[in-house]
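Spelled out from the first residue to the last, the chains are:
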Amino acid sequence: QSALTQPASVSGSPGQSITVSCTGTSSDIGGYNYVSWYQQHPGKVPKLIIYDVNDRPSGVSNRFSGSKSGNTASLTISGLQAEDEADYYCSSYRSSGTRVFGGGTKVTVL
Amino acid sequence: EVHLVESGGGLVQPGGSLRLSCAASGFTFSTYWVNWVRQAPGKGLEWVANINQDGSEKSYVDSVKGRFTISRDNPKNSLYLQMNSLRAEDTAVYYCARGWKIFDPWGQGTLVTVSS
């Protein structure tokens, strides 16, 4: 049960847009529109920011958006702000009935 | 307000057992899937197990199959994780999280340390 693949780190300057990728297989990301993304600040509990590939829970900034192409999902943060500096994790439903996370991406605001 | 509160973590020797609990409030517990997710110190999130509304469906990550058992008590609004044959690599903060295809919300977590 291997994890989804995310880059270890992504960085950008304030105001820029960055994209975090999340690569899986046809048994998870490619087979279902059940991709979600979580933001975790140091020492804090993870927070849901995107679900069903590109939907945002109420209260989450519209600067966060999601997409999917084939076996790869992406999280885009536009208008990067200092408060966006955190770890980001993707997750997907898997055909076996299990769930899987990506390894996590540290987003740094330069 | 929806609330999940974990308890039961602590220090245990390799090969030992521990039972985690998660108390739910602020929503109708019996109508939701719930999960255990763990995070080793300085590492990423790992989904551990989940259970459906009436406890008839359970799934586990391969690394805990045969050692961990997830269960729930709907009248008590509680989720449990019985952990047996614990290993050093099970050391982590264990979170409970509500949901079938998403994890929302999360509890604050309980730390399990497996060490001699």
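Residues numbered from 1 in each chain as written. Chains lettered and ligands numbered in written order. Predicted model: local features only at pLDDT ≥ 70, side-chain atom pairs only at ≥ 80, totals over all residues. Heavy atoms only, no water.

Caption draft 1: Expanded view of the overall build of chain B. Summing up its helical and strand segments, chain B has 0 helices and 10 strands in all. The helix and strand sequence of chain B, counted from the amino end, reads β-β-β-β-β-β-β-β-β-β. On C-alpha atoms alone, chain B measures out to a radius of gyration of 13 Å, which is about the 13 Å that the 2.2 N^0.38 rule sets for 116 residues. Reported as C-alpha extents along the three principal axes, the dimensions of chain B are approximately 40 × 25 × 25 Å. Looking at chain B residue by residue over its 116 residues, the buried ones come to 49%. Between the centroid of the 11 positive side chains of chain B and the centroid of its 10 negative side chains there is a distance of 3 Å. (Helix = DSSP H or I, 4+ residues; strand = E, 2+ residues; numbered from the N terminus. Rg over C-alpha atoms; globule rule 2.2 N^0.38 Å. Buried < 20%, exposed > 50% of the residue type's maximum accessible area, 1.4 Å probe, protein only. Lys, Arg positive; Asp, Glu negative; His and termini not counted. Charge placed at Lys NZ, Arg CZ, Asp CG, Glu CD.)

Caption draft 2: Seen up close, the state of the cysteines. All names here are of chain A. Inspection of the entire model under this criterion finds 2 disulfides over all chains. Here cysteine 22 engages in a disulfide with cysteine 90; their sulfurs sit 2.0 Å apart. Around the S-S axis, the bridge from cysteine 22 to cysteine 90 shows a dihedral of about 75° and counts as right-handed. One end of the pair, cysteine 22, is in strand 2 (residues 18–23); the other, cysteine 90, is in strand 7 (residues 86–93), with 68 residues separating them in the sequence. (Disulfide = S-S within 2.5 Å.)

Caption draft 3: Region of interest: unusual backbone geometry. Put simply, Asp104(B) and Pro105(B) share a cis peptide bond, and its omega is 0°. As for its placement among the helices and strands, Pro105(B) is situated in the loop between strand 9 (92–98) and strand 10 (110–114). The phi angle at Asp52(A) is positive, at roughly 50°, despite the residue not being glycine. By the secondary structure assignment, Asp52(A) is in the loop between strand 4 (47–50) and strand 5 (64–69). One non-glycine residue with positive phi stands out, namely Val53(A), at about 75°. Inspection of the secondary structure assignment puts Val53(A) in the loop between strand 4 and strand 5. The class of Val53(A) is buried, set by a relative accessible area of 7%.

Caption draft 4: Structural context of the packing of aromatic side chains. Residue and element names in this part refer to chain A. Evaluated as defined, the whole model comprises 15 aromatic pairs over all chains. Centre to centre, the rings of tyrosine 34 and tyrosine 93 are 5.9 Å apart; their planes meet at 85°, and the pair counts as edge-to-face. Placement of the pair is tyrosine 34 in the loop between strand 2 and strand 3 (35–40) and tyrosine 93 in strand 7, with a sequence separation of 59 residues. Exposure remark for tyrosine 34: the relative accessible area of 27% places this residue in the partly exposed category. (Phe/Tyr/Trp six-rings, centres within 6.5 Å; stacked < 30°, edge-to-face > 60°.)

Caption draft 5: Focus on the pairing of strand 1 (residues 9–12) of chain A. All names here are of chain A. Side chains of strand 1 alternate between two faces, with Val10 and Gly12 buried and Ser9 and Ser11 left unburied. Direction of pairing for strand 1 relative to strand 9 (residues 105–109): parallel, over a ladder of 4 bridges. Bridge assignment links glycine 12 to a residue of strand 9, and that residue is valine 109. (Pairing = 2+ DSSP bridges.)

Caption draft 6: Looking closely at the sheet that holds strand 7 (residues 68–73) of chain B. All names here are of chain B. Within the open sheet, the 4 strands sit side by side as 1-3-8-7. Their pairing is antiparallel. At either end of the open sheet lies a strand with only one pairing partner, and these are strand 1 (3–7) and strand 7. Each adjacent strand pair in this sheet contributes to an overall mean axis angle of 15°, direction not counted. One ladder, built from 6 bridges, connects strand 3 (residues 18–25) with strand 8 (residues 78–83); its direction is antiparallel. Note that in strand 8 the partner of leucine 20 across the bridge is leucine 81. (Axes fitted to C-alpha atoms, helices over the stretch in contact; angles between N-to-C directions.)

Caption draft 7: Examining the pairing of strand 5 of chain A more closely. Residues and elements named next belong to chain A. With 6 bridges connecting them, strand 5 and strand 6 (residues 72–77) associate as antiparallel partners. Bridge pairing in strand 6 places lysine 68 opposite alanine 73. Two successive antiparallel strands, strand 5 and strand 6, enclose a turn made up of 2 residues, where glycine 70 displays a positive phi of approximately 60°.

Caption draft 8: A look at the sheet that holds strand 2 of chain A. All names here are of chain A. Spatially, the 3 strands line up as an open sheet ordered 2-6-5, and their pairing is antiparallel. For this open sheet the edge positions go to strand 2 and strand 5, each flanked by a neighbour on one side alone. Along the sheet, successive strands turn relative to each other by an average axial angle of 20°, direction set aside.

Keep in mind that these numbers describe shape and distance, not what the molecule does.
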